[in-house]
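Given next are the chains, with one letter for each unit.
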Amino acid sequence: MRQKAMSKHQLAKMDAVFKRFDRDGDGKITKTELAQLLDAVGYTLTWNHDRERDVAILMRQADVNNDQMISWAEFKDGCLNDTNAWGLSNYDFRGLISFVAQFHATDPGALEYLNKYKFWPPPVFMVIISIIELGVFLHYSEQECDSKATLNECPASFSTPIAYRFCCRDQAWRFFTYIFAHAGWSHIAFNVLIQLLFGVFLEIFHGPIRMAGVYIACGVAGSLASSVADPNTNLVGASGAVYGIIGAWIAHMVQNWDTARSPMKELASIFLFILTALDFGNSVYQRYGKGETGISYAAHLGGFLMGVTFGVYMLRNKIETWYEIYIKWFGASTAITAVIFGIMFNIFNDPDESGTCGVLAKCNE
C-alpha cells in the first residue's frame, strides 16, 4: 500500500474512525458492517437508497485484494489517496470516511487527510465571468443604434469590436469575445441565471479549470456553428456557452446519476429543462415568427452539443465503467472533429456571397 506521513494524533483519529466501521474489533470491515454503518449514519450513494449497490461501490474502491473485507491497511490507503492501487477513484469511500469522522474529531487539522468535500478551489470562474458580462452589457446598453442600422447592426452591441460579425471572420478573437456583449436585459438575465444556478454547482463539483475549459469551448463552438449553419447572422451574448452548461449538466447527470446523493437532482433537472424550453422556444419565435431579432439558433445548438460531447470527456466521473470510457473518448473525438470542420469551413468559405460585406463590415470601428 502507498503511505503518506501522518502524525500520531492523525493516526489516532483515523483509528477511531476505523473502529466505528469495525464493530466486532477483528481488524476487518465486512460488507455487513459497512451496511450497518451506512444505515446508522443515514449515508447513501444511490438515488433509490440501494444499500447493496452502495456497499458494492465502496468495496470496489477500498477492497484492493478483493477478499470481500477492508483491512486496516486498505482503510488507510483509501483515506490518504485519491485513487486505490488499481487506479480507481476513492471519491465515495473518502467521502464516507469524512462524514463518519465528524462524529470523532472536531479539530480541522486532524481531518486534513480525511476531508474530501471542500470548496477549494472555490467556484470563482462562473462568478467572475458573470460580473464581466454584466459590466460589458451595462457599458454598451447606454449606446443608441444608428437610425439607419439594419437588423444585424442593432442593438449597438452588435457593432462593437468584440461582437461576432460574419463580415469580420478574419478577426479570430470575435469567435470568443462575442459572449461578453448582450442584446438586452432578458438576454443577459437568462444567461447569468443559468451560470449562477447550474454553472456554479457544476464548478463546485468539477472545479473551475474544468468548467472554464467547457465554457470557453462551448462559446467558440456556438460561433463556429452559427458561421456554418447560419452564415449571415451576427452574434452577441453567452447563449452558446450557457447552452453548453446545459449540455454539460446532462453529461454530468448521465455519468454520475447513480452516485449523486442530492435529493434535488430530479427537481433541478426538470427546472433546467423548463427554462431551456421556454428560452429556446422564445428564440425561435422571435427569429422566425416576428422576425425582430437576429438570434442564431445554430449557436444555441452548437454550444449545447459541445457541452454534451466535450463535457463527458472533460468533467469528472466519480465511478467510471468500461463503457463510459468509450463514451468519453467518442465525445472528445466528436467535439474535436466538429471544431476542426468549423475552422476549415471558415478558412475556405467566402462569407460575402451576398455581396453586402462592403457596406456592413465595420470591422475596425
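Residues numbered from 1 in each chain as written. Predicted model: local features only at pLDDT ≥ 70, side-chain atom pairs only at ≥ 80, totals over all residues. Heavy atoms only, no water.

Here the focus is the overall build of the protein chain. The helix and strand inventory of the protein chain stands at 14 helices and 2 strands. A burial count over the protein chain gives 49% of its 365 residues as buried. For the protein chain, long-range pairs separated by at least 24 residues make up 70% of all intrachain contacts whose partners lie at least 6 apart in sequence. As displayed, the protein chain offers around 17,700 Å² of accessible surface, 65% of which is attributable to carbon and sulfur atoms. (Helix = DSSP H or I, 4+ residues; strand = E, 2+ residues; numbered from the N terminus. Buried < 20%, exposed > 50% of the residue type's maximum accessible area, 1.4 Å probe, protein only. Contact = heavy atoms within 4.5 Å. Areas by Shrake-Rupley, 256 points an atom, 1.4 Å probe, with all protein chains shown as cover.)

Time to look at the nonpolar core. Membership of the largest hydrophobic core comes to 45 residues, with the highest contact counts inside it found for Met126, Ile194, Tyr215, Ile245 and Met306. Discounting residues that sit within four places of it in the chain, methionine 306 has contacts with Ala217, Cys218, Ala221, Gly311, Ala335 and Val339. Membership of the second largest hydrophobic core comes to 25 residues, among which are Phe18, Leu37, Val55 and Leu80. (Core = buried A, V, L, I, M, F, W, Y, C linked by side-chain atoms within 4.5 Å.)

Attention now moves to a nonpolar patch on the surface. On the surface, Ile336, Ile340, Ile343, Met344, Ile347 and Phe348 cluster together into a nonpolar patch covering about 620 Å² of accessible area. Relative to the helices and strands, phenylalanine 348 is located in helix 13 (residues 322-348). (Patch = residues over 30% accessible without salt bridge, like charges linked within 9 Å, V, L, I, M, F, W, Y side chains within 5 Å. Salt bridge = Lys/Arg side-chain N within 4 Å of Asp/Glu carboxyl O.)

Let us look at unusual backbone geometry. The backbone of asparagine 66 shows a phi angle near 60°, a positive value even though the residue is not glycine. Positionally, asparagine 66 belongs in the loop between helix 3 (51-62) and strand 2 (69-71). Phi is positive for glutamine 68, which is not a glycine, with a value near 70°. Along the polypeptide, glutamine 68 turns up in the loop between helix 3 and strand 2. Classification of glutamine 68 as partly exposed rests on a relative accessible area of 35%.

To continue, consider the packing of aromatic side chains. Under the defined criterion, the tally for this structure stands at 16 aromatic pairs. With 5.5 Å between their ring centres and 75° between their planes, phenylalanine 125 and tyrosine 215 make a pair best called edge-to-face. Within this pair, whereas phenylalanine 125 is found in helix 6 (residues 124-141), its partner tyrosine 215 is found in helix 9 (residues 208-229), the two being separated by 90 residues in sequence. By way of ring pairs, the aromatic residues Phe18, Phe21, Trp72, Phe75 and Phe93 are connected into one cluster. Seen from the ring of phenylalanine 205, arginine 316 lies directly overhead, with NZ or CZ sitting 5.1 Å from the centre. (Phe/Tyr/Trp six-rings, centres within 6.5 Å; stacked < 30°, edge-to-face > 60°. Lys NZ or Arg CZ within 6 Å of the ring centre and 35° of its normal.)

A few words on the pattern of salt bridges. Where charged atoms of side chains with opposite charge meet at close range, the side chains can pair. Taken as a whole, this structure holds 3 salt bridges when the rule is applied. One salt bridge in this structure joins aspartate 39 and arginine 51, with 2.9 Å as the shortest N-O distance. With aspartate 39 in helix 2 (residues 31-41) and arginine 51 in helix 3, this pair connects stretches of sequence that are 12 residues apart. Through salt bridges with shared partners, a single ionic network connects Asp39, Arg51 and Asp54.

For the rest of this paragraph, the subject is the packing of helix 10 (residues 239-256) against helix 12 (residues 297-314). Between two packed helices, both the angle of their axes relative to each other and the distance between the axes serve to describe the pair. At a minimum axis distance of 6 Å, the contact between helix 10 and helix 12 shows a crossing angle of 35°. Taken as a pair, helix 10 and helix 12 cross one another with a handedness that is right-handed. In contact with Ser239, Gly240, Tyr243, Gly244, Ile246, Gly247, Ala248, Ile250, Ala251 and Gln255 of helix 10, helix 12 contributes Ala299, His300, Gly303, Phe304, Gly307, Val308, Gly311 and Val312. Residue composition of the contact of helix 10 with helix 12, grouped by class: 9 nonpolar, 9 polar and no charged. (Axes fitted to C-alpha atoms, helices over the stretch in contact; angles between N-to-C directions. Left-handed = near helix turned anticlockwise from the far one by under 90°. Nonpolar A, V, L, I, M, F, W, Y, C, P; charged D, E, K, R; others polar.)

Another point: the packing of helix 9 against helix 10. Their axes nearest at 7 Å, the elements helix 9 and helix 10 cross at an angle of 125°. Relative to helix 10, the element helix 9 lies oblique. Read as a crossing pair, helix 9 and helix 10 show a hand that is right-handed. On the side of helix 9, the interface is formed by Val214, Tyr215, Cys218 and Gly219, while helix 10 contributes Gly240, Ala241, Gly244, Ile245 and Ala248. (Parallel < 35°, antiparallel > 145°, perpendicular 65-115°, else oblique.)

Before going further, it helps to spend a moment on helix 3. In this model helix 3 runs 16 Å from its N-terminal to its C-terminal C-alpha over 12 residues, within 8% of the 16 Å that 1.5 Å per residue would give. Every buried residue belonging to helix 3 is among Arg51, Asp54, Val55, Ile57, Leu58, Met59, Gln61 and Ala62, and all of these are buried. Where helix 3 starts, the residue carrying a side-chain oxygen 3.2 Å from the main-chain nitrogen of glutamate 52 turns out to be aspartate 50. (Expected span 1.5 Å × (residues − 1). Polar contact = N/O pair within 3.5 Å; in protein donor to acceptor, adjacent residues only side chain to side chain.)

Take helix 10 next. Compared with an ideal rise of 1.5 Å per residue, which puts 18 residues at 26 Å, helix 10 spans 25 Å between its outermost C-alpha atoms and is within 8% of the ideal. Along helix 10, 16 of the 18 residues are buried, which leaves the element largely enclosed by surrounding structure.

In short, geometric facts, not functional conclusions.
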